[in-house]
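A closer look at the structure
If you want the building blocks of each chain, they are given just below.
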Amino acid sequence: MQKTLSVLMLYLLPGLAMAAGEHGDHQGHDMAAMQQHMQGVGMPGKAADVSRTIEVVMMDNMRFSPEQIEVKAGETVRLFIKNAGKAAHELVLGDMASLKEHADMMRQMPDMKHAEPNMITLQPGQKGGLVWKFDQAGTVDFACLIPGHMEAGMKGQVQVK
């Protein structure tokens, strides 16, 4: 049974990117599956708890800049994300297994729209942000799941110390 997941907890910088409800629906995940995927990855943070802002640029050479980010366990950061390319790109936080699974779903359903708090899709020239609390030490992966982008190398890691 597929459920539509529309999470309105997406914390974006005001006026810079579409709100979660404007992204549309994301078919194929229910809330329990989403919570399972997010274990060890962290959780949406509160803007009032942000300790710093980290700028991430998405480019058409299928790279993020930077590709490696370091944060402290328990730290809440604002990821300020800019699409410097001429194609749509997205940043999705997760573990590599769930990112690969989600990328497979995206290839099967290329018109899938996202509205989860751990991801943002930006059109060319658009800017936006995610506020995220990295609650435990380890590695959190991120990637662009638009078909072909992750496979071309558009991925990175957050090292949580």
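Everything below is about the structure printed above this text.
Residues numbered from 1 in each chain as written. Predicted model: local features only at pLDDT ≥ 70, side-chain atom pairs only at ≥ 80, totals over all residues. Heavy atoms only, no water.

**Thoughts on the overall build of the protein chain**
Scanning the protein chain from terminus to terminus reveals three helices and twelve strands. A burial count over the protein chain gives 47% of its 161 residues as buried. Partitioning the contacts of the protein chain with sequence separation of at least 6, the portion at a separation of at least 24 is 78%. If you sum the accessible surface of the protein chain, you get close to 7,800 Å²; carbon and sulfur atoms cover 51% of it. (Helix = DSSP H or I, 4+ residues; strand = E, 2+ residues; numbered from the N terminus. Buried < 20%, exposed > 50% of the residue type's maximum accessible area, 1.4 Å probe, protein only. Contact = heavy atoms within 4.5 Å. Areas by Shrake-Rupley, 256 points an atom, 1.4 Å probe, with all protein chains shown as cover.)

**Considering the nonpolar core**
Ile81, Leu91 and Leu93 are the most contacted members of the largest nonpolar core, which totals 25 residues. Broken down by secondary-structure element, the contributors of at least two residues to this core are strand E4 (52-59), strand E6 (68-71), strand E7 (75-83), strand E8 (89-94), strand E9 (119-122), strand E10 (127-134), strand E11 (138-143) and strand E12 (155-160). Counting eight residues, the second-largest nonpolar core is a separate cluster that includes Val92, Leu99, Ala103 and Met150. (Core = buried A, V, L, I, M, F, W, Y, C linked by side-chain atoms within 4.5 Å.)

**Observations regarding helix H3 (residues 96-108)**
Spanning 13 residues, H3 covers 19 Å between terminal C-alpha atoms, matching the ideal 18 Å at 1.5 Å per step. Restricting attention to buried positions, one finds in H3 the residues Ser98, Leu99, His102, Ala103, Met105 and Met106. Down the axis of H3, the buried set is contained in an arc of 160°. They therefore lie on one face. Exposed residues pointing more than 90 degrees away from the buried face of H3 are listed as Ala97 and Gln108. The backbone nitrogen of alanine 97 has a side-chain oxygen 3.2 Å away, supplied by the residue at the start of H3, namely aspartate 95. (Expected span 1.5 Å × (residues − 1). Arc of directions from axis to C-beta. Polar contact = N/O pair within 3.5 Å; in protein donor to acceptor, adjacent residues only side chain to side chain.)

**Some remarks on the sheet that holds E12**
Within the open sheet, the five strands sit side by side as E6-E12-E11-E8-E9. Their pairing is mixed. Since the sheet does not close on itself, it has two edges, and those belong to E6 and E9, each with one partner. Each strand axis lies, on average, 20° off the axis of its neighbour in the sheet, ignoring direction. The sheet contact formed by E11 and E12 spans six bridges and is antiparallel. When the bridges of E12 are listed, phenylalanine 142 appears paired with glycine 156. (Pairing = 2+ DSSP bridges. Axes fitted to C-alpha atoms, helices over the stretch in contact; angles between N-to-C directions.)

**Section: the pairing of E10**
Across the eight residues that make up E10, a large majority, six, are buried. Across two bridges, strand E3 (residues 43-44) lies against E10 in antiparallel orientation. Pairing of methionine 43 across the sheet is with lysine 133, part of E10. In this sheet, E10 lies alongside E7 in antiparallel orientation, the contact comprising eight bridges. Bridge pairing links glutamate 75 to phenylalanine 134 in E10.

**Examining the pairing of E8**
The buried count for E8 comes to six of six residues, which makes it a mostly enclosed element. Side-chain alternation along E8 places His89, Leu91 and Leu93 on one buried face and Glu90, Val92 and Gly94 on a second face that is also buried. As judged from the four bridges shared by E8 and E9, these two strands associate in the antiparallel manner. Looking at E9, one finds that glutamate 90 is bridged to threonine 121. Of the pairings in the sheet, the one linking E8 to E11 comprises three bridges and is antiparallel in character. Counted as the bridge partner of leucine 93 is phenylalanine 142 from E11.

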